[in-house]
Amino acid sequence: MSKRDYYEVLGVERGASEDEIKKAYRKMAFQNHPDRNPGDKAAEQRFKEATEAYEILRDQEKRGRYDQFGHAGVGGAAGGGAGYDFSGFDLADALRAFMRDFGGGSGLEDLFGDGRSGRASATRGDDLQVRVKLTLEEVASGVEKKIRVKHLTPCATCGGRGGEGEVSCAQCHGRGQVRRVQQSIFGQFVNVSVCPKCRGEGRTLRESCKSCGGEGRVSDTETLSVKVPRGVANGNFIPLRGMGDAGFRGGPAGDLIVWIEERPHPLFDRDSDDLRLALPVSFATLALGGRIEVPTLDGSPATLNVPAGTPSGQVLRLKGRGLPSLRGGQGDLMVRLTVWVPERLGGAERRILEELGRAEGFRPPRPGKMPFERGKDAFAG
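Since this is a predicted model, take the numbers as computed values, not measurements.

Definitions and limits used
Residues numbered from 1 in each chain as written. Predicted model: local features only at pLDDT ≥ 70, side-chain atom pairs only at ≥ 80, totals over all residues. Heavy atoms only, no water. Helix = DSSP H or I, 4+ residues; strand = E, 2+ residues; numbered from the N terminus. Contact = heavy atoms within 4.5 Å. Buried < 20%, exposed > 50% of the residue type's maximum accessible area, 1.4 Å probe, protein only. Pairing = 2+ DSSP bridges. Axes fitted to C-alpha atoms, helices over the stretch in contact; angles between N-to-C directions. Core = buried A, V, L, I, M, F, W, Y, C linked by side-chain atoms within 4.5 Å. Domains from an automatic or database assignment. Salt bridge = Lys/Arg side-chain N within 4 Å of Asp/Glu carboxyl O. UniProt positions renumbered as here; feature names shortened; annotations may be inferred. Parallel < 35°, antiparallel > 145°, perpendicular 65-115°, else oblique. Left-handed = near helix turned anticlockwise from the far one by under 90°. Arc of directions from axis to C-beta. Polar contact = N/O pair within 3.5 Å; in protein donor to acceptor, adjacent residues only side chain to side chain. Nonpolar A, V, L, I, M, F, W, Y, C, P; charged D, E, K, R; others polar. Expected span 1.5 Å × (residues − 1).

## Examining the overall build of the protein
And then number 1: When helices and strands are tallied, the protein shows 11 helices and 15 strands.
And then number 2: The contacts of the protein with a sequence gap of at least 6 include a subset with a gap of at least 24, amounting to 65%.

The structure is reproduced here in structure tokens:
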């Protein structure tokens, strides 16, 4: 079943402000809150759907990815990488998000323990982020990078269990949840939250592991490999599933998000899959025409045919000499020709240029736009 547009879910325009998004969500959340609609699965689904939309649109980074790539940007592949996965967004997550922003004051840490989102997700480890810098050559060829990551891994002493001997939690009596009544402008709310003592497990340890203090995980540094495909761009990201922090007491691990950064290149600028190069050439070559050698990213030879009478600033295209695209195909190399003026002239060279300067054909035109600029204006008009 496909997801609805997040802006449609909240009933706001795409250009809505943060305040408008928050007000729209608050209204929908109060109308469909499970405590106001006990047993109503449709209302519960609307509450979760609205909260998921709010969690994306309230965050500028996630909202930007959603605006650019849609649901794929926050739940699947986005521009060659992959997005954060919200497919497991459950009622506990939605209740946590709601109480975080609309809980009505202090006491939230008491209600939710360490701030985890609910029984199903309370034991999941945190997602981590690292950045990998690539040269344009590495972008063009693809590369395997080694990265060092400091994260939480399962405790070897207790096998991630946190200790020995489980007993029923004395605070929640094995339910994993505690209930508290709060007053709001809408009346009383019965808040069902994660038990802070057992973190939603319903059971506590009779004896905690001395190595990990009952957490079931310890800090460690590892060297990991990540394969970066050809054609990635600055801002793409690659998820390494399960390589984030290990979960509490054997819970599932979070993900490691690898963000791509490009290093500046001394010769080439990137424009999507195209490369741009400013190439100085002599006045004689522009005036008379001829073939010139052009540097390329992979170092292979390439030549361009310069027509006679080419103006300085003209851009010529070398097909297929740009960067590979993640979606297939190859970009081009765009070469901007600029006239090169020598800083020093010998006597013979100076006399030749002075003679040419007196010739009728070498007198410059009156001030005005160059022909290629007039053509560009006509095309724009």
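## What about unusual backbone geometry?
And then number 1: In the Ramachandran plot, H173 falls in the positive-phi region, its phi being about 60° despite a non-glycine side chain.
And then number 2: You can call H173 exposed: its relative accessible area is 58%.
And then number 3: Look at S272: it is not a glycine, yet its phi comes out positive at around 60°.
And then number 4: Note on placement: S272 falls in the loop between β10 (269-271) and β11 (274-282).

## Digging into the environment of P264
And then number 1: With respect to the secondary-structure elements, P264 resides in the loop between β9 (256-262) and β10.
And then number 2: Separated by 130 residues in sequence, P264 and L134 have C-alpha atoms that sit 9.2 Å apart.

## A look at the sheet that holds strand β14 (residues 315-318)
Strands pair in a sheet through their backbones, by hydrogen bonds, and they do so in one of two ways: parallel or antiparallel.
And then number 1: Read across the sheet, four strands follow the order β10-β11-β15-β14 without closing on themselves; strand pairing throughout is mixed. Pairing within the sheet leaves two strands with one partner each, and these edge strands are β10 and β14. Neighbour-to-neighbour, the strand axes of this sheet turn through a mean angle of 35°, independent of strand direction.
And then number 2: Taken together, the four bridges between β14 and strand β15 (residues 333-340) define a ladder with antiparallel strand orientation. In the strand pairing of β15, L318 is matched with L333.

## Examining the nonpolar core
And then number 1: Counting 37 residues, the largest nonpolar core has I147, L256, V258, V294 and L337 as its most contacted members.
And then number 2: In this structure, this core is formed jointly by two domains, domain 2 (114-154 + 216-263) and domain 4 (268-362), each of which donates at least three residues.
And then number 3: Non-local contacts of I147, meaning those with residues more than four positions away in its chain, are made with V130, V132, E222, T223, L224, V226, L256 and V258.
And then number 4: The next biggest cluster of nonpolar side chains, apart from the first, holds 25 residues, and it includes Y6, V12, F47 and Y66.

## Considerations on the pattern of salt bridges
And then number 1: Overall, the coordinates contain 21 salt bridges when judged by the stated rule.
And then number 2: The partner of E138 in a salt bridge is K145, and the shortest N-O contact between them spans 3.1 Å.
And then number 3: For the salt bridge of R270 with D273, the shortest nitrogen-to-oxygen distance reads 4.0 Å.
And then number 4: Relative accessible area serves as the criterion here: at 23%, R270 is assigned to the partly exposed category.
And then number 5: Because the salt bridges share partners, they merge into one network encompassing R124, D127, R241 and D255.

## Some words on the UniProt feature "binding site: Zn(2+) 1" (unreviewed entry) in the protein
And then number 1: In the numbering used here, UniProt assigns the feature "binding site: Zn(2+) 1" (unreviewed entry) to C155, C158, C209 and C212. Look at the named residues: they lie 58 residues apart in sequence, but the longest C-alpha span between them is just 9.0 Å, so in the fold they bunch up.
And then number 2: Relative to the helices and strands, C158 resides in the loop between β2 (143-154) and β3 (163-168).
And then number 3: With residues up to four places along the chain from it excluded, the contact list for C158 reads G163, C209, C212 and G216.
And then number 4: Contact partners of C212, with chain neighbours within four places excluded, come to C155, C158, G162, R217 and V218.

## Concerning the packing of helix α2 (residues 18-32) against helix α6 (residues 91-102)
And then number 1: Two numbers describe how α2 lies on α6: the axes approach to 12 Å, and their chain directions differ by 120°. Compared by their axis directions, α2 and α6 come out oblique. Two packed elements cross with a definite hand, and for α2 against α6 that hand is left-handed. Here α2 contributes K22, Y25, R26, A29 and F30 to the contact with α6, which in turn contributes A94, F98 and F102.

## Brief notes about helix α4 (residues 60-69)
And then number 1: Restricting attention to buried positions, one finds in α4 the residues R63, R65 and Y66. Buried residues of α4, viewed axially, fall in a sector of 160°; they line one side.
And then number 2: The N-capping residue of α4, defined by a side-chain oxygen 3.0 Å from the backbone nitrogen of E61, is D59.
And then number 3: Downstream of α4 by a residue or two, G70 has a phi angle that is positive, lying close to 75°.

## Overview of the packing of helix α3 (residues 41-57) against α4
Packed helix pairs are characterised by how far apart their axes lie and by the angle those axes make with each other.
And then number 1: Contact geometry of α3 with α4 gives a least axis separation of 6 Å together with a crossing angle of 105°. By the angle class used here, α3 and α4 are roughly perpendicular. Residues E55, I56 and L57 of α3 form the contact with α4, whose own contacting residues are K62, R63 and Y66.
And then number 2: Per-class residue counts for the contact of α3 with α4 are three nonpolar, no polar and three charged.

## Here's the deal with α3
And then number 1: For α3, spanning 17 residues, the distance from its first C-alpha to its last is 24 Å, which sits close to the expected 24 Å at 1.5 Å a residue.
And then number 2: Within α3, 12 of the 17 residues are buried, which leaves it mostly tucked inside the rest of the structure.
And then number 3: For α3, the side-chain oxygen to backbone nitrogen distance between the N-cap and A42 is 3.1 Å, and the N-cap itself is D40.

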